[in-house]
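Reading the structure
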Amino acid sequence: MASTTAGRRGAFLPQAHARRAAVTPGRRKERRRAGLQGWGFVAPAMLIVLGLSIFPAAWAFWLSLQSWDGFSTPTWVGIGNYQQMVTDAALRDAVGHTMLYTALFVPASVLMGMGLAMLLNRSLFLIGFYRTAIFLPFVASAAATGILTTYLFNPQFGLANTVLRALHLPQQGWLEDPSQAMVVITLMSLWGQAAFTTVIYLAALQDIPSELLEAARIDGANRWQSFWHVTFPQLAPVTVFVTVWQVIEAIQLFDLVYTTTRGGPLDATQTIVYYLWQTAFKDLEFGYASAVAYGLFAVTLIITGGVVLYSRRAKVEAF
C-alpha cells in the first residue's frame, strides 16, 4: 500500500513541476505589475515624507555641526555646539521653565481628561452637545487661544481682574507677573488640550465590557471601588499612551508662549522651543539652534523609550 502511494506521488511530481514552470512567468508579471502599482500609489506620499521630514532632519543634523548665520559660509565646529549647550545659562533656564510647565500640565491634563470622560460617559439629555462643546477648544487655533488668554488675564482690563475687583479681592499680575505667567499659560493649555485626553478616555471607557461593572455591583462594590478595581485597570494602557503624548506636547510648547508673552516677563515663560526659535531666527545662530533641536529630540526619545519599556515590563501594553 505504501509503495503504491509512493508510486502515485512520483507519477504526479513531474506534472506538478510542469504546471509550476508554466504558471510562474505569468504570476511573476502579475506580481511585478501589482508591485509597480503599489509603488505608484505610495511614491507621492514617500516623496512628501522624504522632502518635509527626513531630508530636513538630516540637513539639520549636518547644520548642528557647523556655525552658520544664514548668509556667510558655514564654519565647521564639530561637537562645539553641543558642548556649548552644557554651559548655556539661558538654555538651562529654558529647560527649567519647560520642566515646570510639564509638571503642571501633564498630571492635570490626564486627570481632567479622565474625569470629564467619566462625566460624559453617561446617558444624559443633549450628551452629544456636551461632548462637542468639550472638544471645540481643541480645534481652536493657537492665535485665537492666545488672544483669549490676553483678554482674560490682562492686568489692566482683563476679565479675571474685573471679577476680582467686583468681589473686592486683590488683583493679580497674571501674564505680567513672573511667578504667575507660567501658571496662566498652563491653565489655557488645559482649556485646549484636555479635550484630547477626554476623547481618548471616553473611547476607552466605551470599550470596557459592561459585564465587568455589573459583576462588581453584584459583589457589593460601590462606585469608587468599581472604578478603582475594574475601570482604572482597564484604562491603564490608555493612561500610559496619553501621558507620553502629553509629555511630548508639553516639552514642545511654543505657540501659546509666542502669541501671549513672547517668553516674558523677564524670560519667565521662555521654553526650550521658544529659545530655539529665538536663537535661530532672531540671533541667526542656525547651527547652535539645530544642536538644541537635536538635544530636545534625544530627550524626547529617551523619555518615550523609557516609558514604553517600563509599561512593557509592567505588562501594560500601550504601544
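Note: the structure precedes this text.
Rules used throughout
- Residues numbered from 1 in each chain as written.
- Predicted model: local features only at pLDDT ≥ 70, side-chain atom pairs only at ≥ 80, totals over all residues.
- Heavy atoms only, no water.
- Helix = DSSP H or I, 4+ residues; strand = E, 2+ residues; numbered from the N terminus.
- Buried < 20%, exposed > 50% of the residue type's maximum accessible area, 1.4 Å probe, protein only.
- Contact = heavy atoms within 4.5 Å.
- Areas by Shrake-Rupley, 256 points an atom, 1.4 Å probe, with all protein chains shown as cover.
- Lys, Arg positive; Asp, Glu negative; His and termini not counted.
- Charge placed at Lys NZ, Arg CZ, Asp CG, Glu CD.
- Core = buried A, V, L, I, M, F, W, Y, C linked by side-chain atoms within 4.5 Å.
- 1 Å grid on protein atoms, 1.4 Å probe; cavity = no way out; pocket = protein on both sides within 12 Å on 5 of 7 lines; lining within 4 Å.
- Points joined across faces, edges and corners; volume = space filled by probe spheres on them.
- Nonpolar A, V, L, I, M, F, W, Y, C, P; charged D, E, K, R; others polar.

Topic: the overall build of the protein
Each helix and strand counted, the protein has 12 helices and two strands in total. Going from the N terminus to the C terminus, the protein shows its helices and strands as α-β-β-α-α-α-α-α-α-α-α-α-α-α. Along the first, second and third principal axes, the C-alpha set of the protein runs to 105 × 75 × 35 Å. Considering the protein as a whole, with its 319 residues, one finds that 33% of them fall into the buried category. The long-range fraction of contacts in the protein, counting pairs at least 24 apart against all pairs at least 6 apart in sequence, stands at 64%. Looking at the protein as shown, the accessible area adds up to about 20000 Å², and 67% of this sits on carbon and sulfur atoms. Computing the positive centroid from 21 side-chain charges and the negative centroid from 16, the protein places the two 25 Å apart.

Topic: the nonpolar core
Residues Tyr-101, Phe-153 and Tyr-201 are the most contacted members of the largest nonpolar core, which totals 34 residues. Mapped onto this core, the elements with two or more residues apiece are helix H3 (89-120), helix H6 (159-166), helix H7 (181-206), helix H9 (223-251), helix H10 (255-260) and helix H11 (272-281). Non-local contacts of Phe-153, meaning those with residues more than four positions away in its chain, are made with Ala-160, Trp-174, Leu-175, Val-184 and Met-188.

Regarding the layout of surface pockets
Empty pockets left among the atoms are what a rolling probe the size of a water molecule brings to light. Within this model, the largest pocket holds a volume of roughly 490 Å³. Along the wall of the largest pocket there are 14 residues; nearest its centre are Met-118, Leu-213, Arg-217, Arg-223 and Thr-231. Mapped onto the lining of the largest pocket, the elements with two or more residues apiece are H3, helix H8 (210-218) and H9. Among the elements that take part in the lining of the largest pocket, H9 stands out by supplying five residues, more than any other. Here the lining of the largest pocket is composed, by residue class, of seven nonpolar, four polar and three charged. Taken as a whole, the second largest pocket holds about 420 Å³ of empty space.

Observations regarding the environment of Ile-134
Structurally, Ile-134 can be placed in helix H4 (residues 127-139). With relative accessibility at 26%, the residue Ile-134 sits in the partly exposed group. Placed 57 residues apart in sequence, Ile-134 and Trp-191 show a C-alpha to C-alpha distance of 9.1 Å. In contact with Ile-134, other than residues within four places in its own chain, are Leu-116, Leu-120, Ala-195 and Thr-198.

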